[in-house]
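What follows is the residue order along each chain.
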Amino acid sequence: MSRLTPARAVILAAMLAPLLPMVEWVTRLWPVRAAARGIPVYAPKDAVIRWPEHGGWFALLALVALLVTRPVVLLPDPWLAAAVAVVAVTVFVHGAMVDLGMAVLFTLSALALTVVRSAPAETRAWAARAMGAAGVLQAAVIIQQWFGSDFPVGLWHGENLKRIGTLGNPGLAAGFVAVATLAGPWWGLPIGAVAILLTGTAGPLLAFAAGCIIRYRLWRHMWVLVAVGVVAAVVIEREHRGAAWSAASGLRMDVWTLALRDWARGEPILGFGLGAWARRIPQLQDATKLGMDGGPQSGYWFQAHNEFVQWGYELGLVGLVVLAGWLWTHRAMVWHPTCGGAVAALAALCCTWFPFHGVALGLLAVVVLACATAPPRVEVGYDARDVTSEGLT
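Reading guide: rules and limits
Residues numbered from 1 in each chain as written. Predicted model: local features only at pLDDT ≥ 70, side-chain atom pairs only at ≥ 80, totals over all residues. Heavy atoms only, no water. Helix = DSSP H or I, 4+ residues; strand = E, 2+ residues; numbered from the N terminus. Buried < 20%, exposed > 50% of the residue type's maximum accessible area, 1.4 Å probe, protein only. Contact = heavy atoms within 4.5 Å. Areas by Shrake-Rupley, 256 points an atom, 1.4 Å probe, with all protein chains shown as cover. Core = buried A, V, L, I, M, F, W, Y, C linked by side-chain atoms within 4.5 Å. Phe/Tyr/Trp six-rings, centres within 6.5 Å; stacked < 30°, edge-to-face > 60°. Expected span 1.5 Å × (residues − 1).

1. Here we look at the overall build of the protein
Part 1: For the protein, the count of helices and strands is 16 helices and two strands.
Part 2: Across the 393 residues of the protein, 48% fall into the buried class.
Part 3: Residue pairs at least 24 apart in sequence account for 76% of intrachain contacts in the protein once pairs closer than 6 positions are excluded.
Part 4: For the protein, the accessible surface area stands at approximately 18,800 Å², while carbon and sulfur atoms represent 69% of it.

2. As for the nonpolar core
Grouped burial of nonpolar side chains is what soluble globular proteins tend to show.
Part 1: With 68 residues, the main nonpolar core has Met15, Met131, Val179, Leu364 and Val367 as its most contacted residues.
Part 2: Broken down by element, the residue count for this core peaks at twelve residues, all from helix H16 (residues 359-373).
Part 3: Setting aside anything within four residues of it in sequence, one finds Met15 in contact with Ala130, Met131, Ala134 and Leu364.
Part 4: Core analysis: the second largest hydrophobic core is formed by 14 residues, Leu251, Val255, Phe272 and Trp277 among them.

3. Things to note about the packing of aromatic side chains
Part 1: As enumerated under the stated definition, the model contains seven aromatic pairs in all.
Part 2: Ring geometry for Tyr42 against Trp51: centres 6.0 Å apart, planes inclined by 80 degrees, an arrangement best described as edge-to-face.
Part 3: A relative accessible area of 10% places Trp51 in the buried class.
Part 4: For the pair Phe272 and Tyr313, a centre-to-centre distance of 5.0 Å together with 40 degrees between the ring planes defines the contact as tilted.

4. Some words on H16
Part 1: For H16, spanning 15 residues, the distance from its first C-alpha to its last is 21 Å, which sits close to the expected 21 Å at 1.5 Å a residue.
Part 2: Most of H16 is tucked away, with 14 of its 15 residues classed as buried.

None of the figures reported here should be taken as evidence of function without further support.
As structure tokens, this is what we get:
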């Protein structure tokens, strides 16, 4: 840890991203000075989204600068390269119809994943400890919000304070805790479990349970599975109140069906391009009045709440084949001794949420996947200047 390497920069960015909403505290105390220096002063509800975006873009662009000044030798990943190539083809074919920001963000994230994956084993071990600490810290913020305070961010106060962590959304905060704590030491898991239960979100709870089952091989003990199912059912019932849960599930399936029909009639081979879901599906909802009945679950679906469905819609059959190839090549990541549980939790979360479409959780996912797919010992994570024609010096 004597210097900031590109891999360590990515890891630090992933760990610090959830804390960036605290910048709003500073801008609120000195709004005139902040505005004079060109620092935007966001409303509190926007700060929890915007400042992590600031940090995410800064980290990924700074990574390119670090690689230019301190290049490293990277492990090859043909399927990940193919995914970037598919994105490039969709940009060429669809042009301005594609969200170029999403395309660039995906490309930089793929680069970040490869950089961390190519880092020495001790760097990745440090990353696992850092993820565990970040998860416990986020869990601690959620727990203290349950007591009616919000010290780290200072955005909301009161007896009925929402348990949203520093990320502004209970699902995002609970999802971050579920994935991060499963990469850390065992003692962080009870703290994470309490925080997730306090948010009342079913998806992260089920993801956390799946991660624990994989990490500790709990399928050998059926009573544990039964207990997890009972707890999950209670949380779901408490959050969605029975009929509302059925309505939400039904609406989700209706939106997916609407998207599938649009995809089949439009671009089944290459998809509509990254970012197309947020542009097209709300328009289709307006046209069909789907989810616009004014009920408790009504509103625009700017995300699919399922990363696999959204990936297929935006990158088509070609993208699905590439994703399947990458998952099959790296299928052993689920059994990684340190990050396997976090990978399982992330996979489960992808079925009910959109972890790759939020900066804090997205950067965390990049680090988790990088650590879980790397070989046990990486011998190429050296500066390129240390490599001669005869090998590493």
